[in-house]
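Structural description and commentary
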Amino acid sequence: MANGQWYPPEWPNRIRALSSGELKPAAPRRAATVMLLRDSVAGPAVHMLRRRASMAFAGGAYAYPGGGVDPRDDDHLVRWAGPSRATWAARLGVDEPGAQAIVCAAVRETFEEAGVLLAGPTPSSVVGDTTGDDWEADREALVAREFSFAQFLDRRGLVLRSDLLAAWARWITPEFEPKRYDTFFFVAALPEGQRTRNASTEADRTVWIAPGEATAGYDKGDLLMMPPTIATLRQLSPYGSAADALSAAPERDLTPVLAQARLEDGELVLTWPGHEEFTKHIPHIPTGDSA
């Protein structure tokens, strides 16, 4: 492997089935992921999880905290601070309930998988240390979907701090994947007084790593990542602080990135528009089952 790019071995068969009409694309589910940043003397570092090697999908790959939207978070007005739902809807290209649910997913998943909570008792404050037993009980209940994130905020008397997030990118899982996500990438700075921990059952390691160090590890083949992860890391690398990255986010283009596949001179060519480094030429399309 020349670098740490990962793609599922079943992709060629699935692409062939899609192109022949045997495979119907699944509808993508909305999701959110957060590039959590903190500053150091060497510049900003990003919090990353390494997926367990036993995971069927992208085992061993590095990623950010994230996951799917909870439908319960688009039908109840949550305690909210920062840009309005209408402002977020315009930025994300969705309706207002959808914008609320996506932002809720970003904040909830960061709490569920990293133990960091972008919320506070007032619109201008943020909670402190969230490692106590009572916080852990609520975090586990959220993971188990015993209550929604909106209900969690109500129980705690907390306000979601949407102003601590900034939208960065949007990637949609290729049409030939059985499980598809329309994922919004956000950036946020680690709140003062909070600390990350490996709270995810899907990860065997967490690290704080400079984007440049992470991309160098990928380029050498030492760190495994999927295209959206390495692409966003490269985009973060030029910034000298978390604040710089957050300031740049409003100008970022949120046009969705969707992989495309074609047959060309006997090869299967897989591309991500605007991201030429991920182009894959697969010389042989296996026969047999397409699923």
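Shown above is the structure to which this text applies.
A brief structural summary. What you see is a predicted model; the values in this text were computed from it and never measured.

Okay, the pairing of strand β12 (residues 260-264) next. Sheet analysis places β12 next to strand β13 (residues 267-271), joined by five bridges and oriented antiparallel. Its bridge partner lying in β13, R262 is registered against V269. Between β12 and β13, which follow one another and run antiparallel, lie two residues, and D265 among them has a positive phi close to 55 degrees.

For soluble globular proteins, the rule of thumb is that nonpolar side chains tend to be buried together. Core analysis: the largest hydrophobic core is formed by 40 residues, its most contacted members being W88, L92, L117, F149, F152, L165 and F186. Secondary structure elements with two or more residues in this core: β1 (29-40), α2 (85-92), α3 (96-114), α4 (133-143), α5 (149-156), β8 (165-172) and β9 (181-189). Per-element accounting of this core gives the leading share, nine residues, to α3.

As a further point, take the sheet that holds strand β5 (residues 80-81). Taking strand neighbours across the sheet as the criterion, the three strands line up as β5-β7-β6 in an open arrangement whose pairing is mixed. Of all strands in the sheet, those with a lone pairing partner are β5 and β6 (119-120), marking the two edges. By the bridge criterion, two bridges tie β5 to strand β7 (residues 159-161) in an arrangement that is parallel. Pairing of W80 across the sheet is with L160, part of β7.

A word on unusual backbone geometry. Residues apart from glycine generally show negative phi values, whereas peptide bonds are mostly found in trans. Its identity is not glycine, yet R145 carries a phi of approximately 60 degrees, on the positive side. Here R145 falls in the partly exposed class, since its relative accessible area comes to 33%.

The next point concerns the side chain of D182. Tracing the chain through its elements places D182 in strand β9. Here the side chain of D182 touches R170 through a polar contact of 2.6 Å, side chain to side chain. With sequence-adjacent residues up to four places away left out, D182 is seen in contact with P28, R29, R30, A31, R170, W171 and I172.

All chains considered together, the criterion is met by eight aromatic pairs. For the ring pair Y64 and F185, a centre distance of 6.3 Å and an interplane angle of 90 degrees mean the geometry is edge-to-face. Linking Y64 in the loop between β3 (62-63) and β4 (66-68) with F185 in strand β9, this pair joins segments that are 121 residues apart in sequence. This pair shows no difference in class: Y64 is buried, exactly as F185 is. Three or more aromatic residues link up through ring pairs in this structure, and these residues are F111, W135, F149 and F152. Over the aromatic face of W135 sits the side chain of R156, whose NZ or CZ is 3.7 Å from the ring centroid.

Bringing the pairing of β1 into the picture now. Sheet topology note: the β1/β9 ladder contains nine bridges and is parallel. Along β9, the bridge assignment pairs L37 with A189. Bridge analysis of β1 against β4 gives three bridges, and the strand direction is antiparallel. Counted as the bridge partner of A31 is G68 from β4. Across four bridges, β1 lies against strand β2 (residues 43-51) in antiparallel orientation. Its bridge partner lying in β2, L37 is registered against V46.

Definitions and cut-offs
- Residues numbered from 1 in each chain as written.
- Predicted model: local features only at pLDDT ≥ 70, side-chain atom pairs only at ≥ 80, totals over all residues.
- Heavy atoms only, no water.
- Pairing = 2+ DSSP bridges.
- Helix = DSSP H or I, 4+ residues; strand = E, 2+ residues; numbered from the N terminus.
- Core = buried A, V, L, I, M, F, W, Y, C linked by side-chain atoms within 4.5 Å.
- Buried < 20%, exposed > 50% of the residue type's maximum accessible area, 1.4 Å probe, protein only.
- Polar contact = N/O pair within 3.5 Å; in protein donor to acceptor, adjacent residues only side chain to side chain.
- Contact = heavy atoms within 4.5 Å.
- Phe/Tyr/Trp six-rings, centres within 6.5 Å; stacked < 30°, edge-to-face > 60°.
- Lys NZ or Arg CZ within 6 Å of the ring centre and 35° of its normal.

No statement about biological role is implied by the geometric values presented.
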